[in-house]
Amino acid sequence: MKKRIVVAITGASGAIYAKLLLEKLQQLSSQTDQVAIVMSDNAKQVWQFELDNDDYQKIPFKFYAKTDFMAPFASGSARFDTMVIIPCSMGTLGRIASGVSDDLVTRAADVILKERRRLILVARDMPFNLIHIRNMQTVTEAGGIICPAVPSYYSKPQTIEDVAMTVVNRVIDLIGLDNESYRWNEE
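Residue numbers here run from 1 along each chain, matching the order of that chain's written sequence. Only residues with pLDDT of 70 or above have their local features reported here, since the model is predicted, and side-chain atom pairs are shown and tallied only from 80 upward, although totals for entire chains, interfaces and linings are computed over all residues. To obtain the side-chain values, all non-hydrogen atoms of the structure were included, while hydrogens and water were left out.

Novice: Would you mind going over unusual backbone geometry with me for this structure?
Specialist: The omega torsion of the bond from I86 to P87 falls at -15 degrees, within 30 degrees of zero and hence cis. Starting at the N terminus, helices and strands are each numbered in turn, a helix being any DSSP run of H or I of at least four residues and a strand any DSSP run of E of at least two. With respect to the helices and strands, the residue P87 is situated in strand 4 (residues 82-88). M126 connects to P127 through a cis peptide bond whose omega is -5 degrees. Within the secondary structure layout, P127 lies in the loop between strand 5 (118-123) and helix 5 (130-141). You will see that D52, though not glycine, has its phi angle at about 55 degrees, which is positive. Relative to the helices and strands, D52 is located in the loop between helix 2 (41-51) and strand 3 (62-64). Despite not being glycine, R79 shows a phi value in the positive range, around 60 degrees. Relative to the assigned elements, R79 resides in the loop between strand 3 and strand 4.

Novice: Before we go on, may I ask you to explain helix 6 (residues 160-175) in this structure?
Specialist: What sets the pattern is the α-helix's 3.6 residues per turn: residues three or four places apart point alike. Expected span of a helix, by definition, is 1.5 Å for each gap between consecutive residues, and there is one gap fewer than residues. Helix length check: helix 6, at 16 residues, gives a terminal C-alpha distance of 23 Å against a target of 22 Å (1.5 Å per residue), a fit within 8%. The bend reported for a residue corresponds to the angle between axes fitted to the seven residues ending at that residue and the seven starting there. Along its length, helix 6 shows its largest kink, about 30 degrees, at T166. Residues are treated as being in contact if the distance between any of their heavy atoms lies within 4.5 Å. Tucked inside the fold, the buried residues of helix 6 contact strand 1 (3-9), helix 1 (15-27), strand 4 and strand 5.

Novice: Help me out: how do you make sense of the sheet that holds strand 3 in this one?
Specialist: Each strand in a sheet pairs with its neighbour through backbone hydrogen bonds, running either in the same direction (parallel) or in the opposite one (antiparallel). By the convention used here, strands pair only if DSSP detects at least 2 bridges between them. Here we have 6 strands laid out as an open sheet, ordered 3-2-1-4-5-6, and parallel in their pairing. Each end of this open sheet is capped by a strand with a single partner; those strands are strand 3 and strand 6 (145-146). Of the pairings in the sheet, the one linking strand 5 to strand 6 comprises 2 bridges and is parallel in character. Following the sheet pairing, L121 is matched in strand 6 by I146.

Novice: What is the right way to look at the packing of aromatic side chains in this model?
Specialist: Aromatic rings in a pair are described by how distant their centres are and how their planes are angled relative to each other. Two aromatic rings from Phe, Tyr or Trp, using only the six-membered ring of Trp, form a pair when their centres are within 6.5 Å; if the ring planes differ by under 30 degrees the pair is stacked, by over 60 it is edge-to-face, and anything between is tilted. Counting across every chain of the model gives 3 aromatic pairs. Seen from their ring centres, W47 and Y56 are 5.6 Å apart, and the 75 degrees between their planes marks the pair as edge-to-face. Here's how the labels work: a residue is buried when its accessible area is under 20% of the maximum for its type, exposed when over 50%, partly exposed in between, all with a 1.4 Å probe on protein chains only. For Y56, a relative accessible area of 7% translates into the label buried. Taken together, a centroid distance of 5.4 Å and an interplanar angle of 70 degrees make the contact between F73 and F80 edge-to-face. Its relative accessible area of 3% is what places F73 among the buried residues. Overall, F80 belongs to the buried group, its relative accessible area being 2%. Whether a charge sits over a ring comes down to the Lys NZ or Arg CZ being within 6 Å of the ring centre and within 35 degrees of the ring normal. When the ring centre of F80 is taken as origin, the NZ or CZ atom of R4, which lies over that ring, is 4.5 Å away.

Novice: Could you clarify how one ought to interpret the nonpolar core in this entry?
Specialist: Soluble globular proteins tend to bury their nonpolar side chains together. Membership of the largest hydrophobic core comes to 36 residues, with the highest contact counts inside it found for V7, L21 and L25. Of all elements in the fold, only strand 1, helix 1, strand 2 (32-39), helix 2, strand 4, strand 5 and helix 6 reach the threshold of two or more residues within this core. The dominant element in this core, judged by the number of residues it contributes, is helix 1, at 8 residues. To define a nonpolar core, start from buried Ala, Val, Leu, Ile, Met, Phe, Trp, Tyr and Cys residues and group those joined through side-chain atoms within 4.5 Å. Counting residues in hydrophobic clusters, the runner-up holds 29 residues, among them I85, L104, L113 and L121.

Purely spatial values, then, with no claim about function.
Below is the structure:
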């Protein structure tokens, strides 16, 4: 069955992760039914600052405003099966952990959790304080997956994009899409 995916992009540093995920989802479009995007104003500023472009405007998926509570995935009846927040700020994580649904990102995350669907938070901050850790624990106990933006190096990445792609490939695996990527000790 094809996936219906919500991608939320917050203002945390790490726009490269969002960029690479959206590009990969375009490549894997035969496995998706729908990809919807929510991007905060801060995320747009961070993207422009870190990547020196506004190429997010060229992404062919449908964008929803952070205040659009009429977006289909604001309700469990829409049957989106996966939500990825990439990068996920600690503020967003904290609001999700506390059940505060004050915008479309946190409302959609709440819906995904209440419907027992897959929520993947690509946390992009460090070091963690005890509040961060407890929020991660709360979201994990509620059924979410904390996937920190911690790259691996055993594939011997050569560029910044290669390094970031190690995280994105893990996210693709967590979504449940078929993806060719480096696999430890496989030929």
